[in-house]
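Next come the chains, spelled out residue by residue.
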Amino acid sequence: MLKRIKKTSPPPVNQFEMVCIDLLVEEDHLLRVIHENVDFSFIYDKVAPYYSETTGRPPIDPVRLFKMMLIGYLFGIRSERELEKAIKPNAAFRWFLGLTFNDSVPDHSTISWNRTNRFKDTSVFQDVFDEVVRVAINHRMVGGRVLITDSTHIRANANNNRYTMQVVTETTQEYLSELEAAVNEDREAQGKKPLPPAGEGKQEPQEKKRKVSTTDPESGFMTRKGKPEGFYYLDHRTVDHKFNIITDVFVTAGNVNDSTVYVERLERQVETFGFKETLEAVALDSGYLTPQICKSLVDKKVFAVIAGRNAPKSEGTLPKEHFKYDEERNCYICPKGNVLAYSRTNREGYREYYSKASDCATCPLGEQCTTVKQRKIQRHIWESYKEQVARNRQSQEGIAVYIFRSQTIERSFADAKELHGLRYCRFRGREKTQEQALMTAVAQNLKKIARHLAKRSSTAGGSDLYRAAG
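Residues numbered from 1 in each chain as written. Predicted model: local features only at pLDDT ≥ 70, side-chain atom pairs only at ≥ 80, totals over all residues. Heavy atoms only, no water.

Draft legend 1. Highlighting the nonpolar core. Ranked by size, the top nonpolar core spans 96 residues in total, and within it Phe40, Phe96, Tyr262, Val282, Leu297 and Ile306 carry the most contacts. If one sorts the elements of this core by residue count, helix α17 (residues 430-460) sits on top with ten residues. Those residues within four positions of Phe40 in sequence are excluded, and the remaining contacts are Ile34, Val63, Phe66, Lys67, Leu70, Phe96 and Leu446. Judged by nonpolar contacts, the second largest core, of ten residues, contains Phe323, Tyr332, Leu340 and Tyr342. (Core = buried A, V, L, I, M, F, W, Y, C linked by side-chain atoms within 4.5 Å. Buried < 20%, exposed > 50% of the residue type's maximum accessible area, 1.4 Å probe, protein only. Helix = DSSP H or I, 4+ residues; strand = E, 2+ residues; numbered from the N terminus. Contact = heavy atoms within 4.5 Å.)

Draft legend 2. Local environment of the packing of helix α4 (residues 80-87) against helix α6 (residues 108-118). Running from amino to carboxyl end, α4 crosses α6 at an angle of 140 degrees, the nearest separation of the two axes being 8 Å. Relative to α6, α4 is oriented oblique. For α4 against α6, the interelement crossing comes out right-handed. When α4 is examined against α6, the residues Glu80, Arg81, Leu83 and Glu84 are found in contact with a partner set consisting of His108, Ile111, Ser112 and Arg115. The residue inventory of the contact of α4 with α6, partitioned by class, reads two nonpolar, two polar and four charged. (Axes fitted to C-alpha atoms, helices over the stretch in contact; angles between N-to-C directions. Parallel < 35°, antiparallel > 145°, perpendicular 65-115°, else oblique. Left-handed = near helix turned anticlockwise from the far one by under 90°. Nonpolar A, V, L, I, M, F, W, Y, C, P; charged D, E, K, R; others polar.)

Draft legend 3. Quick look at the pattern of salt bridges. Within this structure, the stated rule accounts for 25 salt bridges. Close ionic contact of Lys376 with Glu352 constitutes a salt bridge, the shortest N to O distance being 3.9 Å. On the criterion of sequence distance, the pair formed by Lys376 in strand β13 (residues 376-380) and Glu352 in strand β12 (residues 350-354) is long-range, its members being 24 residues apart. Of the residues examined, Lys376 reaches a relative accessible area of 28% and is grouped as partly exposed. Owing to a relative accessible area of 3%, Glu352 belongs among the buried residues under this scheme. One network of salt bridges, with partners in common, ties together Asp22, Arg32 and Glu36. (Salt bridge = Lys/Arg side-chain N within 4 Å of Asp/Glu carboxyl O.)

Draft legend 4. Geometry of the sheet that holds β13. Strand order in the open sheet formed by five strands is β9-β10-β11-β12-β13, with antiparallel pairing between adjacent strands. In the strand order of this sheet, the two ends are held by β9 (324-326) and β13, each with one partner. Shown here is a sheet whose adjacent strand axes are inclined to one another by a mean of 30 degrees, direction ignored. Two strands pair when backbone bridges link them, and β12 and β13 are joined in this way by five bridges, in the antiparallel orientation. The residue of β13 that forms the bridge with Glu352 is Gln378. Helix α8 (residues 175-189) contacts β11 (339-345), β12 and β13 of the sheet and is inclined by roughly 125 degrees relative to β11. (Pairing = 2+ DSSP bridges.)

Draft legend 5. Quick peek at the pairing of strand β5 (residues 230-240). The buried count for β5 comes to eleven of eleven residues, which makes it a mostly enclosed element. Sheet topology places strand β1 (residues 146-155) next to β5; nine bridges connect them, and they run antiparallel. For Asp150, the partnering residue across the bridge sits in β5 and is Arg237. Relative to β5, strand β4 (residues 220-222) runs antiparallel, the two sharing three bridges. Among the inter-strand pairings, Phe221 is bridged to a residue of β5, identified as Phe231. Bridge analysis of β5 against strand β6 (residues 246-253) gives seven bridges, and the strand direction is antiparallel. By the bridge assignment for β6, Leu234 is matched with Thr252. Counting the residues in the hairpin turn of β5 and β6 gives five residues, including Asn244, whose phi is positive at 60 degrees.

Draft legend 6. Seen up close, the environment of Glu321. Structurally, the position occupied by Glu321 is in the loop between β8 (303-306) and β9. Classification of Glu321 by relative accessible area gives exposed; the value is 68%. For the pair Glu321 and Cys334, spaced 13 residues apart in sequence, the C-alpha separation works out to 9.9 Å.

Draft legend 7. Fine view of the packing of aromatic side chains. What the rule picks out here adds up to 13 aromatic pairs. Taking 5.8 Å as the distance between ring centres and 80 degrees as the angle between the ring planes, the aromatic pair formed by Tyr50 and Phe119 counts as edge-to-face. Separated by 69 residues along the polypeptide, Tyr50 in the loop between α2 (42-47) and α3 (62-74) and Phe119 in the loop between α6 and α7 (124-138) bring together distant segments of the chain. Judged by centre distance (5.9 Å) and plane angle (70 degrees), the rings of Tyr342 and Tyr353 are edge-to-face. (Phe/Tyr/Trp six-rings, centres within 6.5 Å; stacked < 30°, edge-to-face > 60°.)

Draft legend 8. Focus on α7. In this model α7 runs 21 Å from its N-terminal to its C-terminal C-alpha over 15 residues, within 8% of the 21 Å that 1.5 Å per residue would give. Summarising burial for α7: eleven of the 15 residues are buried, a large majority. Listed as buried for α7 are Val124, Phe125, Gln126, Val128, Phe129, Asp130, Glu131, Val132, Val133, Val135 and Ala136. A positive backbone phi angle near 60 degrees is found at Arg140, which sits one or two residues after α7. (Expected span 1.5 Å × (residues − 1).)

This is the structure:
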C-alpha cells in the first residue's frame, strides 16, 4: 500500500555523521587510478631549490598544490578560484589531496602566488614534464623510434580589435650561417665568385609592420589559410607512436612558422631522453617541408616522412615537375628537349637555370610554359634532400609511418582541447601559456601511464605501483 511521507524539515545545520571518504570514491575513478599507480614524491626534488629550509612559515605541501593544479587540468577547470570551489564539496578531490571534510582547502591565491613569484622565470614546469616522460620511458611506454610532430593554435586571451600597428624586428635564424657557407661553396664549385657577407636586409634582423595586441603583446596575429584569424599562440607538440606519450611541448606566437623551431626541439628530445640510438623515423605535415629540415633529418640518418605540397607557380603555367634535372650536366631539360643552363646561385640558396630566348621563341609550348622571353627554374642547393624525403613519403614504409599522424598527434590535440581546456589560453603571455601547455601534457601523460599500469597490474594479478625514477 502506498503511503504518503509527511513533509519533514531539513536536517539540522550542525548534524554530524561518521563518513569514510575512501568509500565515497569509486574504484575506477580516474583520481584513484592515478593515486594507486603514481608516486608524486619526485615533486619535492623539483621544487626544493625554490623553498627556504631555514626561514619563513611552513609552506603548504608542494605535492598537494601540484595535485590541485593537476585536478584543474584533468577536469578542464580553467579558473583557480573555481578550482578551490569545486574541491570543497567533492569527496574524490578531497580524497586525492589527502584532505578530510574538516580540513580547509588551500586558497586559490596560493597557486597564483607560486606561479607569479616563486616559480616565475624557472624551469620547474618543464622539469616536471620531463620527469613524467622519463617515467613513461622506464615503463617502456616510449619507444623513441617514431616521433610525430605538429602544431595547433590556442586562442589568446586577447581582443582581436585591440591592437596597434608596430614595426617588429625579426631575428635571423641560426641555420642561415650554414646556408651562406653552402651557397659560397656551391658558387665556387660552379666557377662563380663567392658572395660577400650579407648586408642589411639579408642576414641582419629584418623589420616588418605587424598587428600587436594591446592586451597580450606576446601573442601573434595568425592569418593562415583554413585557420581562424586573430591573436593566437601555437602549441608545437611531439608524441611517440608507441603509446601516444607527449615527449615535447613548446609554445610560440601564432604568427611563427611551424618549421622555425622544429630542428631545435627535436635535438632537445634526443639529448634529454637519449633518443639518439633509437630514433628511426619522424612524420610531419607539409608545413615542415623545407630544405633545411630535410637536410637536417637526412644528415641524422632519420627516415623522414613529410607531406607534400603544391608550390606556387612563380612564372608561366607549366609546373617545374615537367622539367627533368640532369645532375651530371647540372641543367634542366624542358619537355621539348631544350636545355635550361645554370646561371648562378643566389643568396637564398637557389640555383637559377635559364632557357635560351631563341628556343622559347619557336617552342610550341611557349605560351603555356612562360609569359616572358625565357623560362626560369630555381633549384635549392639542398633540393636533393627534399627529393629523398619525397621518395620516403611515396614508399610503403613511408605510407605506413604517415598513418600514425591521425592516430597519435591529431588525437592528442583533440583530447587536449575537448577534455583539458587547451582551446583557449587561461593566462596572458608566452611563459604562462607555456605553463598551461606543459601542465595539459602532464595531465594527458599521467592518465595514460596510470591506466596502462592499472591494466597491466590487473592482468598480472598483482599491484604494479609506479615509482618515479630519480
